[in-house]
Amino acid sequence: MRMFQVCVCGQPLQCNERPTPQPTGTQVLLKVLAAGVCHSDLHLADGYFDLGGGKRMSLQDRGMNLPVTLGHENVGEVAAVGPEVKGVKVGDVLLADPWIGCGTCAVCLRGDENLCRAMRSLGVFSDGGYADYMMVPHPRYLFGIGDLPPERAAPLACSGITTFSALKKVPTLKDEPTVIIGAGGLGLMCLGLHQKMGGHSAIVVDIDPAKREAAKRAGATAVIDGGASDAVQQIMKLTKDSAGVWAAIDLVGSSASARVGFDSLIKGGKYIIVGLYGGDFTVSLPPIPMRALTIQGSYLGSLPEMAEMMELVRRKGLPDVPVTTRRLDEVNAAHADLRAGKIVGRVVLTPA
Ligand SMILES: [Zn+2]
Ligand SMILES: [Zn+2]
């Protein structure tokens, strides 16, 4: 089998080959049918996240061992199963939840494997789906996709669950407008899931007119240029008495987007940071208690949330996120396009 791996941080992915492994115990071997290209793959390939002020968070310090096969948004067909596997069989087409914890700590046992301190995530800390085959350690991480096309379902594994989990943190989702900052692949997924979940209305913010247009077409109630000097005022004008919004989900996570999201809140409002663009921002402390504001990080999603989201999309259909497919062996070109900001929606790799 071929696999596209980070061998040296900051260098293009290398195509390496090895014999296709056979599953043992509870393992399930998938033939990869679709592997989504996520923006965080660029950070993984670079080997760090920007913390602002010239500081970096090294991924190798956090447990990423090289070489590693990237690709954490995968749908595959079961090619073989270990002797202890129950509930899936050869030929099933399934989505793999890549956010795998140690499985034994208190955090994992309560269902929050995405917050485990010893994660084994597929495509980050263990080999993922930029490959012909991939191994999943247990069938509980696999979910049926019903009639959904594999290349359109694959982004649910990261883009989908990340935005679903953020939307679950909005108590006013069905009653008040929600601000969504960023209208790239993640933003359109968030907007689509917001609609499937019965969201009241969505104000989408992006600095790129093409992305605002895409959000408008996808059903955003209003779109705002995040680069405008009065972006906050424009958002507030769309709310009752111009008082501000109850929730802003920031899918960018830059110094500028944090400013817009946090400053748009009403008393009691919540700013939820999801994006990992990087940077920092300064806030005055007294207004946080006096206005009862919440700043909350949201990282990926839990296994129970994955089950809930998959049930929702099997019943109500997929968010209408534009998907472009490219061959697996074009992964480095796909990364370059993503880095250059040339991609509207999602790129998904399919077998070469
Ligand atoms: Zn991702
Ligand atoms: Zn754990």
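Please refer to the structure placed before this passage.
Small disclaimer: the values here were computed from a predicted structure and weren't measured. (Residues numbered from 1 in each chain as written. Chains lettered and ligands numbered in written order. Predicted model: local features only at pLDDT ≥ 70, side-chain atom pairs only at ≥ 80, totals over all residues. Heavy atoms only, no water.)

1. Considering the coordination of the zinc ion (ligand 1)
Then, in step 1: Distances from the zinc ion (ligand 1) to its protein donors, Cys-38 (SG), His-72 (NE2) and Cys-158 (SG), fall at 2.0 to 2.2 Å.
Then, in step 2: Read N to C, the donor residues that coordinate the zinc ion (ligand 1) are spaced as C-x33-H-x85-C. Note that Cys-38 is positioned in the loop between strand 3 (28-37) and helix 1 (39-46) and Cys-158 in the loop between helix 3 (150-153) and helix 4 (159-168), a separation of 120 residues in sequence. For the pair shown, Cys-38 and Cys-158 are each scored as buried. (Donors = N, O, S within 2.8 Å, 3.2 Å for Na, K, Ca; no water. Helix = DSSP H or I, 4+ residues; strand = E, 2+ residues; numbered from the N terminus. Buried < 20%, exposed > 50% of the residue type's maximum accessible area, 1.4 Å probe, protein only.)

2. Details of the environment of Glu-113
Then, in step 1: Residue position: Glu-113 is located in the loop between helix 2 (106-109) and strand 9 (133-136).
Then, in step 2: Given the relative accessible area of 2%, Glu-113 is considered buried.
Then, in step 3: In sequence terms Glu-113 and Pro-304 are 191 residues apart; their C-alpha atoms lie 9.7 Å from each other.
Then, in step 4: Here Tyr-141 takes part through its side chain, which lies 2.8 Å from a polar atom of the side chain of Glu-113. (Polar contact = N/O pair within 3.5 Å; in protein donor to acceptor, adjacent residues only side chain to side chain.)

3. Concerning the coordination of the zinc ion (ligand 2)
Then, in step 1: Of the protein atoms, only Cys-102 (SG), Cys-105 (SG), Cys-108 (SG) and Cys-116 (SG) coordinate the zinc ion (ligand 2), at distances of 2.3 to 2.4 Å.
Then, in step 2: What the 4 donor atoms of the zinc ion (ligand 2) show is an angle range of 104 to 116 degrees at the metal, which sorts the shape as tetrahedral.
Then, in step 3: Mapped onto the polypeptide sequence, the residues donating to the zinc ion (ligand 2) form the spacing pattern C-x2-C-x2-C-x7-C. Here Cys-105 is found in the loop between strand 8 (93-96) and helix 2, whereas its partner Cys-116 is found in the loop between helix 2 and strand 9, with 11 residues between them in sequence.
Then, in step 4: Cys-116 gets classed as buried once you look at its relative accessible area, which sits at 8%. (Tetrahedral: all angles 85-135°; square planar, octahedral: opposite > 155°, others 65-115°.)

4. Digging into the nonpolar core
Then, in step 1: Within the largest apolar cluster, 86 residues are counted, with the highest numbers of intra-cluster contacts made by Tyr-130, Leu-156, Ile-249 and Met-310.
Then, in step 2: With 17 residues, the next largest nonpolar core counts Ile-181, Val-232, Val-245 and Leu-293 among its residues. (Core = buried A, V, L, I, M, F, W, Y, C linked by side-chain atoms within 4.5 Å.)

5. Things to note about the layout of surface pockets
Then, in step 1: The volume enclosed by the second largest pocket comes to roughly 210 Å³.
Then, in step 2: Lining the second largest pocket are 18 residues, with Arg-18, Leu-122, Ser-126, Asp-127 and Met-135 positioned closest to its centre.
Then, in step 3: Ranked by the residues each element gives to the lining of the second largest pocket, the list is headed by strand 9, at 4 residues.
Then, in step 4: Of the residues belonging to the lining of the second largest pocket, the class tally is 11 nonpolar, 4 polar and 3 charged. (1 Å grid on protein atoms, 1.4 Å probe; cavity = no way out; pocket = protein on both sides within 12 Å on 5 of 7 lines; lining within 4 Å. Points joined across faces, edges and corners; volume = space filled by probe spheres on them. Nonpolar A, V, L, I, M, F, W, Y, C, P; charged D, E, K, R; others polar.)

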